[in-house]
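Spelled out from the first residue to the last, the chains are:
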Amino acid sequence: MNDDQFSVIKDSALRDTLSALIGVLIILWFALRSWKIILAVVFSLLVGLAGHVRAWPCDGRAFNLISIAFFVLFVGLGVDFGIQFSVRYRTERHEQRTSTAP
């Protein structure tokens, strides 16, 4: 990529990040329907991303397109895992509640 293409990414980064965040929250809402669980998934994503950002400067290189691709992959897989884990948790919780009821 040349400098012009990087400048386009830089100029639209805030808009793209906000639209992606809103999209992820909408997907999480349709999948989970619980703000507590959604906040837990978002918190775990943020902790994971913060750990990645914190460890990256130790490598001595600047962020590049691979870093951006990793962020996108991390968020996508993290949201998918969070949904799967939360749905399983909710299922187990409801099964346990119905099995102990008289």
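In case you missed it, the structure is sitting above this.
Think of each chain on its own: its residues are numbered from 1, step by step along the sequence as written. Per-residue local features of the predicted model are confined to residues with pLDDT of at least 70, and side-chain atom pairs are confined, for both listing and counting, to 80 or more; whole-chain, interface and lining totals are unaffected and use all residues. Only hydrogens and water are set aside; all other atoms, that is, all heavy atoms of the structure, feed into the side-chain values.

*Asks:* Whenever I open this one, the nonpolar core confuses me. Can you help?
*Replies:* Nonpolar side chains tend to gather and get buried jointly when the protein is soluble and globular. Residues Val24, Leu28, Leu32, Ile37, Ile38, Val41, Val42, Leu45, Val79 and Ile83 constitute the largest nonpolar core, which totals 10 residues. Counting residues per element, the ones that place at least two in this core are helix H2 (13-32), helix H3 (35-55) and helix H4 (65-100). Runs of E in the DSSP output that reach at least two residues are strands. Runs of H or I that reach at least four are helices, and both are numbered from the N terminus. Of the residues forming this core, the biggest block, 5 residues, is contributed by H3. Residues are treated as being in contact if the distance between any of their heavy atoms lies within 4.5 Å. Those residues in contact with leucine 45 that sit more than four places away from it in its chain are Phe74, Val75, Gly78 and Val79. For the purposes of this section, nonpolar cores are sets of buried Ala, Val, Leu, Ile, Met, Phe, Trp, Tyr and Cys residues that join through side-chain atoms within 4.5 Å. The classification of residues rests on relative accessible area computed with a 1.4 Å probe and restricted to protein chains. Under 20% of the type maximum is buried, over 50% is exposed, and intermediate values are partly exposed.

*Asks:* Could you clarify how one ought to interpret the pattern of salt bridges in this entry?
*Replies:* Any two side chains of opposite charge can pair, given that their charged atoms come close. Salt bridges are defined by distance alone: a side-chain nitrogen of Lys or Arg within 4 Å of a carboxyl oxygen of Asp or Glu. Using the criterion set out here, one finds 2 salt bridges in the structure. With a shortest N-O distance of 3.3 Å, arginine 15 and aspartate 16 are connected by a salt bridge. Measuring nitrogen to oxygen at the nearest pair gives 2.9 Å for the salt bridge that ties glutamate 92 to arginine 88. Taken together, the residues span about one helical turn, with glutamate 92 and arginine 88 both in helix H4 at a distance of 4 residues.

*Asks:* Explain a nonpolar patch on the surface here, please?
*Replies:* Residues enter a patch when their relative accessible area is above 30% and they make no salt bridge; the linking distance is 9 Å between like charges and 5 Å between nonpolar side chains (Val, Leu, Ile, Met, Phe, Trp, Tyr). The protein chains shown are the only cover counted for residues, whose accessible areas, like all others here, come from Shrake-Rupley with a 1.4 Å probe. A surface patch of nonpolar side chains, amounting to about 300 Å² of accessible area, comprises Ile9, Leu65, Ile68 and Val72. At 3 residues, H4 tops the list of elements feeding residues into the nonpolar patch. Along the chain, the position of isoleucine 9 falls in helix H1 (residues 3-11). On the basis of relative accessible area, isoleucine 9 is assigned to the partly exposed category, the value being 32%.

*Asks:* Just checking my understanding: could you explain H2 for this structure?
*Replies:* Along an α-helix, residues three or four positions apart point the same way, because every turn accommodates 3.6 residues. To estimate how far a helix should reach, multiply one less than its number of residues by 1.5 Å. In this model, H2 (20 residues) spans 28 Å end to end at C-alpha, consistent with the 28 Å of a helix rising 1.5 Å per residue. Among the residues of H2, those classed as buried are Val24, Leu28 and Leu32. Take H2 and look down its axis: the buried residues cluster within an arc of 40°, on one side only. In H2, the exposed positions that point more than 90 degrees away from the buried face belong to Arg15, Ile22 and Phe30. After H2 finishes, the residue arginine 33 shows a positive phi value of roughly 55°. By definition, the arc is the one covered by directions from the helix axis to the C-beta atoms.

Nothing here speaks to function; it is all geometry.
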